[in-house]
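Chain and residue survey
Below, each chain spelled out in residue letters.
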Amino acid sequence: MPGSGYFYDETNRNKLIVLYFIKSLNIEMTRSQIADFSVAHDLIPYFDLQTTVGELEESGLLACVPKAFGQAFMLTPQGRDIIEMFQERIPQSQRDTLDRYADECREQLRLDTQYSATGRELYKGGYGVTLKAMDSSRTLLGIEIMLPDSKSANKAIARWRASSADIYRYLVKVLVEDVPDVKKENKGETEATHEEK
C-alpha cells in the first residue's frame, strides 16, 4: 500500500485513514458507506476495514449512534483529537484524495441517509417496497407499497432514489397546501357553458 512507511503498522494506517475521511466528510456515515468509500478507492481491504471500524469504536474514537436510517458512525471528541495530532502521518497526496472524494460525495452520502428505499418479496406473492424520508433522528415520511412484481418494485425504488426529495416536496405540498376543489371548478365551468347557450 502506498505510504505504508509513514505508519507504525498497517492497522494504525487504516485507523487514521478512516478517522481522517470521516473528519473531512463531516457527516455521520453508515458502515456500508464507509466500506463503499474504501473499496471504491482501493484504500483498505473489506475485512480489514470491518476490523478497523470495530476497533475504533471499541477504543472510543468512533461512536455508533442509532438513527432513523440505521446505525451511523461519527468521530468522538477523542477521535477528533487523535486525527488532529496524527493526520500528518497520512501522506499529503492521500489526504488530498480523501478531501476531494469527501467534497464530491458529501451531498450524495447525506441524501442516502435521508432517503431510503428497500424492497422484498412478500410471502403470499407480490413485492413490498418501503420508501422513507428521514432527518437525523426520526422518520419524516414512510410509504409502504405492495406491487405485483419485481420489475415494478425495482422501478419504484429507482425512481425514489433518483427523485426522492422532489417526491417528498410534492407530497407535502399536495397534503398541506390549500388546493382549489376541482369538482367545484368543473361544476362552475359547466354552469357558465349552459348560461351562454
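The sections below set out a description of the structure shown in this document.

The rules behind the values
All chains use their own residue numbering, which begins from 1 and follows the written sequence. Side-chain atom pairs in this predicted model are given and counted only at pLDDT of 80 or more, local residue features only at pLDDT of at least 70, and totals for whole chains, interfaces and linings cover all residues. The basis for every side-chain value is the complete set of non-hydrogen atoms in the structure, without hydrogens or water. For the purposes of this entry, the term helix denotes a DSSP run of H or I that reaches at least four residues, the term strand denotes a run of E that reaches at least two, and both are numbered from the N terminus. Type-normalised accessible area, obtained with a 1.4 Å probe on protein chains alone, sets the label of each residue: buried when under 20%, exposed when over 50%, and partly exposed for intermediate values. We call two residues contacting when some pair of their heavy atoms lies within 4.5 Å. We get accessible surface area from the Shrake-Rupley algorithm with a probe of 1.4 Å; when it comes to residues, only the shown protein chains can shield them. A strand pair is defined by DSSP finding two or more bridges across the two strands. Residues with no salt bridge and a relative accessible area higher than 30% make up the patches, which join like charges within 9 Å and nonpolar side chains (Val, Leu, Ile, Met, Phe, Trp, Tyr) within 5 Å. By definition here, a salt bridge exists when the distance from a side-chain nitrogen of Lys or Arg to a carboxyl oxygen of Asp or Glu is within 4 Å. Interaxial angles span 0 to 180 degrees and are taken between N-to-C directions of axes, which are lines fitted to C-alpha atoms, for helices over the stretch in contact. Classification of ring pairs uses Phe, Tyr and Trp, with its six-membered ring standing for Trp, and accepts pairs whose centres are within 6.5 Å; under 30 degrees between planes counts as stacked, over 60 as edge-to-face, and the remaining range as tilted. Orientation is classified from the angle alone, with under 35 degrees giving roughly parallel, over 145 giving roughly antiparallel, 65 to 115 giving roughly perpendicular, and any other angle giving oblique. For any pair of crossing helices, the crossing counts as left-handed if the nearer helix is rotated counterclockwise from the farther one by less than a right angle, and right-handed if it is rotated clockwise. Residues are grouped as follows: Ala, Val, Leu, Ile, Met, Phe, Trp, Tyr, Cys and Pro are nonpolar; Asp, Glu, Lys and Arg are charged; every other residue, Gly included, is polar.

Further remarks concern the overall build of the protein. Across its full length, the protein carries seven helices and five strands. Scanning the protein from its N terminus toward the C terminus, one meets helices and strands in the order α-α-α-β-β-α-α-β-β-β-α-α. Sorting the 197 residues of the protein into buried and exposed places 31% on the buried side. Across the protein, the fraction of contacts at a sequence separation of at least 24, relative to all contacts at a separation of at least 6, is 54%. Entry remark: accessible area of the protein is about 12,500 Å², with carbon and sulfur atoms responsible for 52%.

What follows covers the side chain of Gln87. Relative to the elements of secondary structure, Gln87 occurs in the loop between α4 (77–86) and α5 (92–114). When neighbours within four sequence positions are excluded, Gln87 is seen to be in contact with Tyr20, Lys23 and Arg95.

Here we come to the pairing of strand β3 (residues 115–121). Across seven bridges, β3 lies against strand β4 (residues 127–134) in antiparallel orientation. Opposite Arg120, over in β4, you have Gly128 as the bridge partner. Between β3 and β4, which pair antiparallel and follow one another directly, the connecting turn spans five residues, one of which, Gly125, has a positive phi of 100°.

The grouping of Val39, Tyr46 and Phe47 at the surface amounts to a nonpolar patch, some 360 Å² of accessible area in total. Mapped onto the elements of the fold, Phe47 is located in helix α3 (residues 46–58). Note on Phe47: relative accessible area 66%, which makes it exposed.

Below, the discussion takes up the environment of Ala35. Mapped onto the elements of the fold, Ala35 is located in helix α2 (residues 31–40). Measuring from C-alpha to C-alpha, the distance between Ala35 and Val18 comes to 9.9 Å, with 17 residues separating the pair along the chain. In this structure Ala35 touches Tyr46, Leu49 and Gln50, once residues within four positions along its chain are discounted.

With that settled, the discussion passes to the sheet that holds β4. Sheet strands pair via backbone hydrogen bonds, and the direction of the pair is either parallel or antiparallel. Overall, antiparallel pairing links the three strands, which are arranged β3-β4-β5 in an open sheet. Every other strand in the sheet has two partners, leaving β3 and β5 (139–147) as the edge strands with one partner each. Neighbour to neighbour, the strand axes of the sheet diverge by 15° on average, direction disregarded. On top of the sheet, helix α6 (residues 150–176) reaches β3, β4 and β5; it is set at about 155° to β3, its chief contact.

On to the packing of aromatic side chains. Under the criterion given, the structure shown has two aromatic pairs. Ring geometry for Tyr46 and Phe47: centres 5.2 Å apart, planes at 80°, overall edge-to-face. The partly exposed category is assigned to Tyr46, whose relative accessible area is 42%.

It is worth spelling out the pattern of salt bridges at this point. Any two side chains of opposite charge can pair if their charged atoms end up close together. Under the counting rule described, the total for this entry stands at seven salt bridges. In this structure, Lys15 and Glu55 form a salt bridge, with 3.3 Å as the shortest nitrogen-oxygen distance. One end of the pair, Lys15, is in helix α1 (residues 10–25); the other, Glu55, is in helix α3, with 40 residues separating them in the sequence. Here Glu88 makes a salt bridge to Arg95, at a shortest N to O gap of 3.4 Å. The buried category is assigned to Arg95, whose relative accessible area is 7%.

This part takes up the packing of α2 against α3. In contact at an axis separation of 10 Å, α2 and α3 are set at 135° when each is read in the N-to-C sense. Put simply, α2 runs oblique to α3. Between α2 and α3 lies a crossing whose hand is right-handed. Seen from α2, the contacting residues are Arg31, Ile34, Ala35 and Ser38; seen from α3, they are Tyr46, Leu49, Gln50, Val53, Gly54 and Glu57. Considered class by class, the residues forming the contact of α2 with α3 number five nonpolar, three polar and two charged.

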